[in-house]
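Each chain, letter by letter, is given below.
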Amino acid sequence: MDWLEIVLPIAKSIALALIVLLVGLAVIRVITKFVAKGIDRSKMDDTLKPFLTSMAGTILKILLVLTVVQILGVDITSFVAIIAAAGFAIGLAFQGALANFAGGVLLLTLRPIRVGDYVEGGGYSGTVQGIKILYTELVTPDNKVIFVPNASLSNTGLTNYNVKETRRVDFAFGAGYETNADYVIQSLTEIVSKHPLVFQDPAPFVKISEHGESAVVYTVRVWSKSEDYWTVHFDVMEDVKKWFENDELSIPYPQMDVNVSQKQ
């Protein structure tokens, strides 16, 4: 009889804790979906949406664990102290994860990048698909997904190609020394000026930039919208090549003369 009086309350507490845990997890899934839908409908920045959704689920799960522990009869105060001590030890073991978490907070607070921006940092480049708690998802132009730790993005140089609406497109073309320089400058200026996506203000820049070993190098700089950068780049490269062909101009390349002497 004494044995049953001891076991039954413990069994009831364990059963109740399991029920609360299972029901709580189901409720958290429903609440998380509801919160995610509400965040998606809001006018909040797309960069913050996945982060807030994941944070809401994490906080609810922590509260559920504390509730289950309290049902089992464990003192919350001592339990929190144990968690704090364990958290310190775990924090030392997972310094990288904490650094990534801090990096994620910095990225979301300072907001140097946003969802949809094309960025370069941490040795990778791509379009930002989402900033999560520990990592940032980048999609490369060939549709590969790269998971970059937030610490590497927040602690190193970060290039954002979408902050400004306009970008400068730079070219370098080589022409032979025998070709008239004024003619080359005039022709290159006409080629880039005729392109519909190239701005006329500021005007295209075409000047001699180098006297190379086998060619005179002409630097061409034009401005366009950021989203038109690669279109302008490839179109101008193609147009200049066609101009060289139509005018029967040779594109210089390094050459070496070898003299062979024969001894009798």
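Relevant structure appears above.
Read on for a plain summary of the structure. The structure displayed is predicted, hence computed values, not measured ones.

What about the pattern of salt bridges?
If you walk through the whole model with that rule in mind, you get 5 salt bridges. For the salt bridge of Glu-137 with Lys-132, the shortest nitrogen-to-oxygen distance reads 3.2 Å. Of the residues examined, Glu-137 reaches a relative accessible area of 10% and is grouped as buried. The class of Lys-132 is partly exposed, set by a relative accessible area of 24%. The closest approach of N and O atoms between Lys-241 and Glu-245, which form a salt bridge, is 2.4 Å. Within this pair, Lys-241 and its partner Glu-245 are both found in helix H7 (residues 229-246), separated by 4 residues, close to a single helical turn. Note on Glu-245: relative accessible area 47%, which makes it partly exposed.

Focus: the nonpolar core
Residues Leu-188, Val-220, Val-222 and Val-240 are the most contacted members of the largest nonpolar core, which totals 20 residues. Those residues within four positions of Val-240 in sequence are excluded, and the remaining contacts are Phe-173, Leu-188 and Ile-191. With 10 residues, the next largest nonpolar core counts Leu-108, Leu-138, Ile-146 and Leu-153 among its residues.

A word on the pairing of strand E8 (residues 216-225)
Taken across its 10 residues, E8 has 7 buried, putting it largely inside the fold. Pairing analysis gives 10 bridges linking strand E6 (residues 166-175) to E8, with the strands arranged antiparallel. Bridge pairing in E8 places Arg-168 opposite Trp-223. Connecting strand E7 (residues 205-211) to the antiparallel partner E8 that follows it, the hairpin turn spans 4 residues.

Thoughts on helix H6 (residues 181-193)
Taking 1.5 Å of rise per residue, 13 residues should cover 18 Å, and H6 covers 18 Å from first to last C-alpha, within 8% of that figure. On its buried side, H6 packs onto E6, E7, E8 and H7. Sitting at the head of H6, Asn-180 places a side-chain oxygen 3.0 Å from the backbone nitrogen of Asp-182.

A few points about the packing of aromatic side chains
Overall, the coordinates contain 7 aromatic pairs when judged by the stated rule. Ring centres 5.0 Å apart and planes at 90° place the aromatic pair Tyr-229 and Trp-230 in the edge-to-face group. Residue Tyr-229 is classed as buried on the basis of its relative accessible area, which comes to 12%. Taken together, a centroid distance of 4.9 Å and an interplanar angle of 70° make the contact between Trp-243 and Phe-244 edge-to-face. What makes Trp-243 buried here is its relative accessible area of 11%. Three or more aromatic residues joined by ring pairs form one cluster here, namely Tyr-183, Trp-243 and Phe-244. Between Arg-167 and the ring centre of Tyr-229, over which it is positioned, the NZ or CZ distance is 3.8 Å.

A look at a nonpolar patch on the surface
On the surface, Phe-101, Val-105, Leu-134, Tyr-135, Val-145 and Phe-147 cluster together into a nonpolar patch covering about 480 Å² of accessible area. Counting residues per element, the ones that place at least two in the nonpolar patch are helix H4 (95-110) and strand E4 (145-149). Checked against the element boundaries, Phe-147 lands in strand E4.

So, the sheet that holds E6
Read from one edge to the other, the open sheet built from 3 strands follows the order E6-E8-E7, with strand pairing classed as antiparallel. Bordering the open sheet on either side are E6 and E7, each of which pairs with just one other strand. This sheet shows a mean twist of 25° between the axes of neighbouring strands, independent of strand direction. Both E7 and E8 contribute to a ladder of 6 bridges, which runs antiparallel. Residue pairing across strands places His-211 opposite Val-216, the latter belonging to E8. Sheet strands touched by H6: E6, E7 and E8. Its angle to E8, the strand with the most contacts, is close to 20°.

What about H7?
With 18 residues, H7 extends 26 Å between its outermost C-alpha atoms, agreeing within 8% with the 26 Å of an ideal straight helix rising 1.5 Å per residue. All of the buried residues along H7 are Tyr-229, Val-232, His-233, Val-236, Val-240, Trp-243 and Phe-244. What you see down the axis of H7 is that its buried residues fit within an arc of 100°, all on one side. Opposite the buried face of H7, at more than 90 degrees from it, the exposed residues are Trp-230, Phe-234 and Asn-246. Packing partners of the buried residues in H7 comprise E6, H6 and E8.

Basis of the calculations
- Residues numbered from 1 in each chain as written.
- Predicted model: local features only at pLDDT ≥ 70, side-chain atom pairs only at ≥ 80, totals over all residues.
- Heavy atoms only, no water.
- Salt bridge = Lys/Arg side-chain N within 4 Å of Asp/Glu carboxyl O.
- Buried < 20%, exposed > 50% of the residue type's maximum accessible area, 1.4 Å probe, protein only.
- Helix = DSSP H or I, 4+ residues; strand = E, 2+ residues; numbered from the N terminus.
- Core = buried A, V, L, I, M, F, W, Y, C linked by side-chain atoms within 4.5 Å.
- Contact = heavy atoms within 4.5 Å.
- Pairing = 2+ DSSP bridges.
- Expected span 1.5 Å × (residues − 1).
- Polar contact = N/O pair within 3.5 Å; in protein donor to acceptor, adjacent residues only side chain to side chain.
- Phe/Tyr/Trp six-rings, centres within 6.5 Å; stacked < 30°, edge-to-face > 60°.
- Lys NZ or Arg CZ within 6 Å of the ring centre and 35° of its normal.
- Patch = residues over 30% accessible without salt bridge, like charges linked within 9 Å, V, L, I, M, F, W, Y side chains within 5 Å.
- Areas by Shrake-Rupley, 256 points an atom, 1.4 Å probe, with all protein chains shown as cover.
- Axes fitted to C-alpha atoms, helices over the stretch in contact; angles between N-to-C directions.
- Arc of directions from axis to C-beta.

From the geometry alone we can't say anything about function, so treat these as descriptive.
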